[in-house]
Amino acid sequence: MLPSLLAVAVLCCVACADSFQPDDLNNIVGEAMDLYRAHLDPNSKTPSLLPAENRTLASVNFDWAPTGSPPSYASWTMYFQQQQTYADLPVLTHCVDSTNVNVWGASFDDGPSENTHVVTDYFARKNMKATFWVIGSNVPAFPQALLDTFNAGHDIGIHTWTHAQLTDLSDDDIVSELVYGARAIYEVTGKMPKFFRPPYGEIDRRVRKIASSLGLEAVTWSHDTLDWSYVASGSTEQQVPDAFREWLQDGVTRAITLQHDIFEETVAAVPQSMDLLIDAGRTIVPLSTCLGIPSVFGNPTLEAFFASGLFENPYSGSPVPPPKHDGGGYSVGFVKGRKTVKAVRVDGPTKFDKSRSHFNGKRSNGAR
Ligand SMILES: [Zn+2]
């Protein structure tokens, strides 16, 4: 990756700084910046984004997609901080729409995958909608699955780029995980998401604040099926419906439940589980209905960011921010919260079996 090469070049410059005069160092850094700019795609300032109704996979390209941990840029963090869109919103865990007490928000994490269609096919047969929290780095491998999910009318939200535990990351890396996650959804659907789900349900005040500066609101869940944890023992199709039976016996309503559309076993448990809800009089709804809002798409803050050209050219603008080279993050004022707001703590499927996922499972350069 060119930005990484640049960072290495600058690191070398800094490491050798003793033997250079300050002007020499400035020249070398300046030349490195020129080199970087010269390698930028001259057309990259024009987003390849078409209105949703015109989108096909033919117009989709992932030239911008990083492999592995995404690069992060202080300039992005500063941009969002300057938007001053922060509002201290609570993490959403339940359906708060008051018009129907029996609503139930079914949600599916960590796709798109080769198994997503099993879930969407079932929902199509039932004429119901759900919510899919997608890992950005899975999208280039399964764009059709995401497009089909979107075209079927399901709600879609960000689940980061690499399934990173956000509370462990620097401010810049959190911004990067969310920006690339949004970019993946935008590339395929032409819509900008306004909700995200933090991997493992791990979120604190700092993460909420940064996400809020991107116009994003956090949604976790009220009830976790732990479906991924039964795959190894082959008991998923029994354990998951059992969990739903128990919740229904307890009279649970307005729940947001967590399942996964990545494993054959976890998607196979979906029809029976959802049928139990239907038989018990629950109305399965996507997040938008759950929250009583018209749409989960449309994010003016992120739309303005991508229109600014800063995504393609993070070193543009004046003054040019220094490239990050110390691996320690670049805090521009987001205060690390002491109190962690946790949903149910789980070890997600990425920890369970990385080889069956399509992302590398590595954390971004978080410092802890
Ligand atoms: Zn997940």
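With an unreviewed UniProt entry as reference, the chain is termed NodB homology domain-containing protein, source organism Chytriomyces confervae.

1. Comments concerning the overall build of the chain
Looking only at helices and strands, one finds 13 helices and 10 strands in the chain. Out of the 368 residues belonging to the chain, those deemed buried represent 55%. Taken as a whole, the chain presents about 15,600 Å² of accessible surface, with 51% of it coming from carbon and sulfur.

2. Here's the deal with the environment of Gly251
Tracing the chain through its elements places Gly251 in the loop between helix H8 (236–249) and strand E8 (256–260). When its relative accessible area of 45% is taken as the criterion, Gly251 is described as partly exposed. Distance in space between the C-alpha atoms of Gly251 and Ala280 is 9.6 Å, their sequence separation being 29 residues.

3. Structural notes on the coordination of the zinc ion
Distances from the zinc ion to its protein donors, namely Asp110 (OD), His159 (NE2) and His163 (NE2), fall within the range 2.1 Å. Sequence spacing among the residues donating to the zinc ion works out to D-x48-H-x3-H.

4. Describing the environment of Pro66
With respect to the element layout, Pro66 can be found in the loop between helix H2 (22–38) and helix H3 (74–83). Separated by 114 residues in the primary sequence, Pro66 and Tyr180 have C-alpha atoms spaced 8.6 Å apart. Once you skip the residues sitting within four places of it in the chain, Pro66 turns out to touch Pro71, Trp161 and Tyr180.

5. Observations concerning the state of the cysteines
Evaluation of the coordinates by the stated rule reveals one disulfide. Covalent S-S linkage joins Cys95 and Cys290, the inter-sulfur distance amounting to 1.7 Å. Measuring handedness by torsion sign, the sulfur bridge of Cys95 and Cys290 sits at about -65 degrees and is left-handed. Residue Cys95 is located in the loop between H3 and strand E1 (103–109), and its partner Cys290 is located in helix H11 (residues 287–291); the two are separated by 195 residues in the primary sequence. According to the relative accessible area criterion, Cys95 is buried, its value standing at 1%. On the basis of relative accessibility, which here comes to 0%, the residue Cys290 falls in the buried class.

6. Re the pattern of salt bridges
For the structure shown, the criterion picks out five salt bridges. Where Asp275 meets Lys126, a salt bridge forms, and the shortest distance between an N and an O atom there is 3.5 Å. Of this pair, Asp275 sits in helix H10 (residues 270–279) while Lys126 sits in helix H4 (residues 116–126), placing them 149 residues apart in sequence. Judged by relative accessible area, which is 39%, Lys126 ranks as partly exposed. Glu187 is paired through a salt bridge with Arg183; the nearest N and O atoms lie 2.7 Å apart.

Rules and cut-offs
- Residues numbered from 1 in each chain as written.
- Predicted model: local features only at pLDDT ≥ 70, side-chain atom pairs only at ≥ 80, totals over all residues.
- Heavy atoms only, no water.
- Helix = DSSP H or I, 4+ residues; strand = E, 2+ residues; numbered from the N terminus.
- Buried < 20%, exposed > 50% of the residue type's maximum accessible area, 1.4 Å probe, protein only.
- Areas by Shrake-Rupley, 256 points an atom, 1.4 Å probe, with all protein chains shown as cover.
- Donors = N, O, S within 2.8 Å, 3.2 Å for Na, K, Ca; no water.
- Contact = heavy atoms within 4.5 Å.
- Disulfide = S-S within 2.5 Å.
- Salt bridge = Lys/Arg side-chain N within 4 Å of Asp/Glu carboxyl O.

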